[in-house]
Amino acid sequence: MNIHLMPNQKFAGAFIQLLNEYPVNENTLYLYGRDKYIKTSPQNNVFLIDDFKNIDLGNIKGGDKLVLHGFYDRALIRFVYYIRRKFNKQLIVIAWGADIYNGRFLLKDRNASLREKLSQLRYEYYKRGIVKKANVFMTFASPDMEVLRKYYGAKGIHVDCLYPSNVDIVFLRELLKEDLKNPKVRVMLGNSASRTNNHLEMLEVLFQYKGLIEVICPLSYGDFDYARTVKSKGLELFGEDFKAIEEYYTPNNYTRLLNSVNIAIFNNNRQEATGNIEILGFLKKKIYLRSDTSLWGHYVLRDGCIMFDVLKIKGMPFESFCSFNDEDGIINNKYFSKIWDPSYVRSLWDEAFNCYAVNKSR
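What you see as residue numbers is a count from 1 along each chain, following the sequence as written. In keeping with the predicted nature of the model, local features appear solely for residues at pLDDT of at least 70, side-chain atom pairs appear and are counted solely at 80 or more, and the whole-chain, interface and lining totals rest on all residues. Calculated side-chain values reflect all of the structure's heavy atoms, with hydrogen atoms and water omitted.

Helix numbers and strand numbers start at the N terminus; a helix is a DSSP run of H or I with at least 4 residues, a strand a run of E with at least 2. Helix and strand content of the protein: 14 helices and 13 strands. Against the 2.2 N^0.38 benchmark of 21 Å for 362 residues, the protein shows a C-alpha radius of gyration of 21 Å, consistent with a compact globule. Taken along the three principal axes of its C-alpha coordinates, the protein extends 65 × 50 × 40 Å. Each residue's exposure class comes from its accessible area (1.4 Å probe, protein chains only) as a fraction of the maximum for that residue type: buried when under 20%, exposed when over 50%, partly exposed otherwise. Looking at the protein as a whole, 52% of its 362 residues are labelled buried. Looking at the protein as shown, the accessible area adds up to about 17500 Å², and 50% of this sits on carbon and sulfur atoms. A positive count includes Lys and Arg, and a negative count includes Asp and Glu. His and the chain ends are not counted in either. Where a charge lies is defined by one atom per residue type: Lys uses NZ, Arg uses CZ, Asp uses CG and Glu uses CD. Side-chain charges of the protein comprise 51 positive and 41 negative groups, with the mean position of each set lying 7 Å from the other. The globule rule is 2.2 Å times the number of residues to the power 0.38, and the radius of gyration it is compared with is taken over C-alpha atoms. The Shrake-Rupley method, run with a 1.4 Å probe sphere, supplies the accessible areas, and residue values consider only the shown protein chains as cover.

Here's what the structure looks like:
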């Protein structure tokens, strides 16, 4: 049996549907966290919990696996650290991004207090203990596996991670038919009010195109103090050509917003925003990523997507900044169409669930 520990977030419902393709007794799912997207247990193998102590581990059998969907919640980290030996390397760790980057960034942050750093050091120790017990790792960007090896001592098999998509593919195809007409080139900057988006730095770079572009900036979730700082800087530099997105959109309305842009820039210094990138790629938008991130290594170097380097924008002629041909857009569209295919997503989870049995037989 696979025992899943997963945040109760927006993609949980689609993942439960995927698990239902397997015999029900092969998977038990425990949903936790403040984001209560699922209010009641939709299946008899799905449990909503407020405390990890409520998980029944008394019936663990020799072949049971623990599937850890991200490990950034401190209560979760403590819980898994102390039970990790029960699973004897039958542990699947799924790194979401923030869980393997933000803690290490905090330790280097000169503005962080000594108390914060000492507390984080403790949890980094716990995470290393968890990772060293794991046999299988899943990541959204394949180079993140090297981060797990370098900083957390990971040894094991790597499998790409994809959750079933919530996108309305029919709606997206209809959007592709629309003729986009913006009076100025519309640039989307970042995906959230997260400091790892490095908005302020990029707003200064984009100032070279003032009067030619309109900047929209999603800031509806994350660090709201930071969001106010970004909004203030954007209005200072671009005036009415800067729009902060501070309210939550419905999925279709947010997708329509993504379709309204000509260019998307992710100055993120870690892996994040993959959901935005997938939709923008499908919609054939020009996408800029940093070439020093795992996202670049995954999408561009490994999988051949046509994306552009954020680090080259400074001093770039406006025509070069904007240019993007239809053939490159088609390459990205085909790639993201493939990874949304439910059978392809299912094949990755099959591989992860079966890895231990394969290894054991060697």
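Another point: the sheet that holds strand 13 (residues 308–309). Between any two strands, at least two bridges found by DSSP are needed for them to pair. The parallel open sheet is built from 6 strands, whose spatial order is 10-9-8-11-12-13. Lying at the two open borders of the sheet, with one neighbouring strand each, are strand 10 (242–245) and strand 13. Of the pairings in the sheet, the one linking strand 9 (residues 213–218) to strand 10 comprises 4 bridges and is parallel in character. In the strand pairing of strand 10, Ile 216 is matched with Lys 243.

In the contact formed by helix 3 (residues 98–108) and helix 5 (residues 144–152), the axes pass within 10 Å of each other and the chain directions differ by 50°. As judged from the angle between their axes, helix 3 and helix 5 are oblique. By crossing handedness, the relation of helix 3 to helix 5 is classed as left-handed. Side by side, helix 3 and helix 5 meet where Asp 99, Ile 100, Tyr 101 and Arg 104 of the first sit next to Asp 144, Val 147, Leu 148, Tyr 151 and Tyr 152 of the second. Lys, Arg, Asp and Glu make up the charged group, whereas Ala, Val, Leu, Ile, Met, Phe, Trp, Tyr, Cys and Pro make up the nonpolar group; the residues left over, Gly among them, are polar. Of the residues that constitute the contact of helix 3 with helix 5, the class distribution is 6 nonpolar, no polar and 3 charged. All axes are obtained by fitting lines to C-alpha atoms, using only the stretch in contact for helices, and the reported angles, taken between N-to-C directions, cover 0 to 180 degrees. In what follows, roughly perpendicular refers to angles from 65 to 115 degrees, roughly parallel to angles under 35, roughly antiparallel to angles over 145, and oblique to any angle outside these ranges. Take the far helix as the reference: if the near one is turned anticlockwise from it by less than a right angle, the crossing is left-handed, and if turned clockwise, right-handed. In what follows, residue pairs with any heavy atoms lying within 4.5 Å of each other are defined as contacts.

Two strands in a sheet stick together by hydrogen bonds in their backbones, pointing the same way (parallel) or opposite ways (antiparallel). Strand order in this open sheet of 7 strands is 3-2-1-4-5-6-7, and the pairing throughout is parallel. Since the sheet does not close on itself, it has two edges, and those belong to strand 3 (46–48) and strand 7 (157–160), each with one partner. Taken pair by pair, the neighbouring strands of this sheet meet at an average axis angle of 20°, ignoring direction. One ladder, built from 4 bridges, connects strand 6 (residues 136–139) with strand 7; its direction is parallel. The residue of strand 7 that forms the bridge with Phe 137 is His 158.

Next up on the list: the side chain of Ser 220. Relative to the helices and strands, Ser 220 resides in the loop between strand 9 and helix 8 (224–238). Sequence-distant contacts of Ser 220, defined by excluding residues within four places in its chain, comprise Ile 245, Glu 246, Glu 247 and Tyr 248.

So, on to the packing of aromatic side chains. Side-chain rings of Phe, Tyr and Trp, where Trp is taken by its six-membered ring, are said to pair if the distance between their centres is within 6.5 Å; with planes under 30 degrees apart they count as stacked, over 60 as edge-to-face, and otherwise as tilted. Under the counting rule described, the total for this entry stands at 32 aromatic pairs. Ring centres of Tyr 30 and Phe 47 lie 5.4 Å apart, and the angle between their planes is 25°; on these two criteria the pair is classed as stacked. Taken together, the positions of Tyr 30 in strand 2 (residues 27–32) and Phe 47 in strand 3 put the pair 17 residues apart, joining distant regions of the chain. Judged by its relative accessible area of 8%, Tyr 30 is buried. Judged by relative accessible area, Phe 47 falls into the partly exposed class, the value being 35%. Criterion for a charge above a ring: Lys NZ or Arg CZ within 6 Å of the ring centre, and within 35 degrees of the ring normal. Across the ring face of Tyr 151, the terminal group of Arg 104 is positioned such that the distance to the ring centre comes to 3.9 Å.

Looking now at the pattern of salt bridges. What counts as a salt bridge is simple: a side-chain nitrogen of Lys or Arg found within 4 Å of a carboxyl oxygen of Asp or Glu. Within the structure shown, the criterion is met by 19 salt bridges. The closest approach of N and O atoms between Lys 231 and Glu 246, which form a salt bridge, is 3.0 Å. With Lys 231 in helix 8 and Glu 246 in the loop between strand 10 and helix 9 (251–259), this residue pair connects regions lying 15 residues apart in the sequence. Take Lys 231: its relative accessible area is 29%, and that puts it in the partly exposed class.

Time to look at the confidence of the model for the protein. Residues with a pLDDT of 70 or more make up 98% of the protein, whose mean pLDDT is 90. What pLDDT conveys is the predictor's confidence in a given residue, as a value from 0 to 100. Between the elements of the protein, mean pLDDT differs from a low of 79, seen in helix 14 (residues 342–361), to a high of 98, seen in strand 13. Across residues 358–362, confidence stays below pLDDT 50; counting only partners more than four residues off in sequence or on other chains, it has 2 contacts.

The grouping of Leu 114, Leu 118 and Leu 121 at the surface amounts to a nonpolar patch, some 310 Å² of accessible area in total. For Leu 121, the location among the structural elements is in helix 4 (residues 114–133). Patches draw on residues past 30% relative accessible area with no salt bridge. Two like charges within 9 Å are joined, as are two nonpolar side chains (Val, Leu, Ile, Met, Phe, Trp, Tyr) within 5 Å.

Looking at the secondary structure, you find Arg 84 in the loop between helix 2 (74–83) and strand 5 (91–95). One buried charged residue, Arg 84, remains without a salt bridge, the closest side chain of opposite sign being Glu 124 at 15 Å. Polar contact is defined as a pair of N or O atoms within 3.5 Å, subject to the rule that within protein one atom must be able to donate a hydrogen and the other to accept it, and that residues adjacent in sequence are counted only when both atoms are side-chain atoms. Among the polar contacts made by the side chain of Arg 84, one reaches the main-chain carbonyl oxygen of Gly 129 at a distance of 3.3 Å.

Turning our attention to the pairing of strand 12 (residues 286–289). Neither face of strand 12 is open: one carries Lys 286 and Tyr 288, the other Ile 287 and Leu 289, and all of them are buried. Looking at chain direction, strand 11 (residues 263–266) and strand 12 are connected through 4 bridges and run parallel. By the bridge assignment for strand 12, Ala 264 is matched with Ile 287. Here, the term right-handed applies to a crossover whose path from the first strand over the helix to the second runs clockwise when the strands point away from the viewer. You can see the chain leave strand 11, run along helix 10 (residues 274–282) and come back into strand 12, and the turn it takes is right-handed. Bridge analysis of strand 12 against strand 13 gives 2 bridges, and the strand direction is parallel. Bridge assignment links Leu 289 to a residue of strand 13, and that residue is Asp 309.

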